[in-house]
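For reference, the chains in residue letters:
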Amino acid sequence: MRPTRQRSDPTETAAGSIAIVDIGELATPIGKGALRGAEMGRLRRVRGAALVAQAGRIIYAGPQDTAECKAALDAAKALGAPILDADGAACVPGFVDSHTHFLFAGYRADEFFWRAKGLSYMEIHHRGGGIRRTMEATRLASASELLALGRARLDSMLAMGVTTVEGKSGYGLNRDTEIRQLEVMRELDSLSPVDIVSTFMGPHSTPPEFEGRPSAYIDYLIGEVLPEVARLRLARYADIFCEKGVFGIDDSRRYLEAARSLGFGLKIHADEIEPLGGAGLAAEFGAASAEHLLKASKADLAAMAEAGVLAVCLPLTAFNLREPYADARSMIDLGLAVALASDLNPGSCPSQSIPLIFALGVLYMGLSFDECLSALTLNGAAALGLAGDRGSLESGKRADLIILDAPEASHLAYRSGMDLVRTVVKDGIVAFSSAS
Ligand code: NIG
Ligand code: FE
């Protein structure tokens with residue numbers, strides 16, 4: 001079955017209403033904002049739970065044997081809402097993948113094998129491989145080709161339990177193709193059950209038209225592209241690859257100032273390959289988030305904690321680049337809010353595997369299961385400014401959830417890399433079922 005977005009039909013009173021009973025373990029973070037530091041490790045766990053939603057929103061999530069639960073279930077039955085029996089399985093919030101470059105044409109499998117033989121990501125980048133190759137393929141792709149590619153990727157995300165995803169532009173590197181990428185994401189958002197939050201990332205690399213002149217390219221983006229993206233309301237955030245040999249601190253600062261004055265939320269690819277100080281810049285701007293952070297200094301991380309900047313860590317990228325993982329343990333101990341995301345892209349991270357993120361988080365980043373789940377749900381939502389609305393299973397939030405093929409949520413990490421998603425509910429509607 002190809003999942004399609006189902007809009008509420010006012011003539012159908014049960015639209016977006018659903019009840020899930022006999023949940024073996026309901027595991028969820030709690031809150032309407034980012035969880036910081038030790039808060040990340042405190043999930044609410046209910047054994048023998050039920051969840052009831054009306055018109056796409058949760059009206060009850062908790063023990064099944066209470067009068068409140070009975071009243072909510074009775075209301076759902078009166079509406080003719082479907083009743084799902086979880087049969088003792090665990091239930092968690094839908095995942096929020098808060099950092100991806102999912103909309104691109106062409107793959108770069110050869111680069112994976114070159115890196116396996118010892119070539120570095122940056123050596124490939126400077127030889128004209130990397131982002132520039134994907135730019136060439138993406139410029140040549142029509143909107144309908146991009147739509148089909150994006151659709152297929154969203155389908156596989158949904159099957160892994162992702163109900164909200166961030167998508168960055170940055171494979172056009174000129175006005176027309178950047179805008180085409182963002183327009184296609186807007187259309188995909190209306191077609192797919194997965195919600196998409198778009199980020200403009202024109203400064204992902206310097207295109208051939210500005211070869212050797214990254215500052216002139218930033219001028220062009222500030223003068224001609226950012227204002228157009230703002231006018232068309234095509235992106236909520238603006239991001240930049242602040243990295244040695246890509247865009248330096250001064251160009252990044254100019255770009256972020258321009259983006260802020262146009263009303264964009266700010267994100268920075270910071271200290272991924274070299275310790276350049278992007279994390280400190282994120283703190284200076286009070287950015288929504290800084291991402292990657294493999295090489296970020298302790299002082300800059302502390303400044304981020306002070307400024308309330310969220311740290312988005314991307315373990316699948318470190319895995320693929322065979323780099324040391326970001327020090328998420330220290331980040332949480334410093335009091336930061338950490339999100340985990342996939343970074344899906346054709347170069348540094350051709351994987352979108354949520355189960356692998358859990359396994360790497362626990363086995364190689366020193367995180368508890370509870371911290372990983374918070375990082376992939378409520379804190380992912382917070383990285384996108386959506387924590388008031390989703391990312392946890394509690395009354396008032398969107399009914400975005402996953403029923404697992406496992407009796408306990410912790411199996412998501414324990415059974416490394418396995419597909420444990422049985423059913424995905426988005427806005428109170430069954431959007432994916434492994435049986436179909
Ligand atoms: O987040 N670092 C910059 N951007 C991506 C890689 C994009 C690519 O290689 O195509 C990242 O790792
Ligand atoms: Fe990225």
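How each quantity is defined
Residues numbered from 1 in each chain as written. Chains lettered and ligands numbered in written order. Predicted model: local features only at pLDDT ≥ 70, side-chain atom pairs only at ≥ 80, totals over all residues. Heavy atoms only, no water. Helix = DSSP H or I, 4+ residues; strand = E, 2+ residues; numbered from the N terminus. Rg over C-alpha atoms; globule rule 2.2 N^0.38 Å. Buried < 20%, exposed > 50% of the residue type's maximum accessible area, 1.4 Å probe, protein only. 1 Å grid on protein atoms, 1.4 Å probe; cavity = no way out; pocket = protein on both sides within 12 Å on 5 of 7 lines; lining within 4 Å. Points joined across faces, edges and corners; volume = space filled by probe spheres on them. Nonpolar A, V, L, I, M, F, W, Y, C, P; charged D, E, K, R; others polar. Pairing = 2+ DSSP bridges. Donors = N, O, S within 2.8 Å, 3.2 Å for Na, K, Ca; no water. Salt bridge = Lys/Arg side-chain N within 4 Å of Asp/Glu carboxyl O.

Caption draft 1: Looking closely at the overall build of the protein. Regarding its fold elements, the protein presents 16 helices and 17 strands. Rg of the C-alpha trace for the protein: 21 Å, near the compact-globule value of 22 Å for 436 residues, within the 12% margin. With the C-alpha coordinates aligned to their principal axes, the bounding extent of the protein is approximately 65 × 45 × 40 Å. The burial tally for the protein puts 61% of its 436 residues in the buried class.

Caption draft 2: Just empty space enclosed by the protein, in detail. Taken as a whole and assessed by the stated rule, the structure comprises three cavities of 30 Å³ or more. Computed from the structure, the largest cavity encloses a volume of approximately 90 Å³. Looking at the lining of the largest cavity, its residues break down into five nonpolar, seven polar and three charged.

Caption draft 3: The arrangement of the pairing of strand β16 (residues 421-426) in detail. Among the six residues that make up β16, five are buried, leaving the element largely enclosed by the rest of the structure. Here strand β15 (residues 401-404) pairs with β16 via four bridges, running antiparallel. Of the residues in β16, the one forming a bridge with Leu-404 is Val-421. In terms of strand pairing, β16 meets strand β17 (residues 429-433) through four bridges, oriented antiparallel. Across the sheet, the residue bridging to Thr-423 is Ser-433, located in β17. With antiparallel pairing between neighbouring strands as the criterion, β16 and β17 make up a hairpin whose turn holds two residues, including Asp-427 at a positive phi of roughly 50°.

Caption draft 4: Focus on the coordination of the iron ion (ligand 2). For the iron ion (ligand 2), the full set of protein donor atoms is His-99 (NE2), His-101 (NE2), His-269 (NE2) and Asp-343 (OD), and the range of their distances to it is 2.1 to 2.3 Å. Along the chain, the residues donating to the iron ion (ligand 2) are arranged with the sequence spacing H-x1-H-x167-H-x73-D. Residues His-99 and His-101 agree in their burial class; the two are buried.

Caption draft 5: How the structure looks around the pairing of strand β1 (residues 18-28). Counted residue by residue, β1 has ten buried out of eleven residues, so it is predominantly covered. Relative to strand β2 (residues 44-54), β1 runs antiparallel, the two sharing eight bridges. The residue bridging Leu-26 from the neighbouring strand is Val-46, located in β2. Two elements, β1 and strand β4 (residues 83-85), share three bridges in a ladder whose sense is parallel. Paired with Ala-19 across the bridge in β4 is Ile-83. Here β1 runs beside strand β5 (residues 90-93); their pairing, made up of two bridges, is parallel. By the bridge assignment, Leu-26 is partnered in β5 with Cys-91.

Caption draft 6: Molecular detail of the pattern of salt bridges. A full pass over the atoms with the stated rule returns 34 salt bridges. With a closest N to O distance of 3.7 Å, Asp-250 and Arg-253 form a salt bridge. On the criterion of helical spacing, the pair formed by Asp-250 and Arg-253 is a turn pair, its members being three residues apart in helix α8 (residues 249-261). Judged by its relative accessible area of 57%, Asp-250 falls in the exposed class. Residue class for Arg-253 comes out partly exposed when judged on its relative accessible area of 27%. Here Lys-426 ties to Asp-427 by a salt bridge, and the two come within 3.1 Å at their closest N and O atoms. Lys-426 sits in the buried class, given a relative accessible area of 3%. Among the charged side chains, a network of salt bridges with common partners joins Arg-57, Asp-195, Asp-389, Arg-390, Arg-398, Asp-400, Lys-426 and Asp-427.

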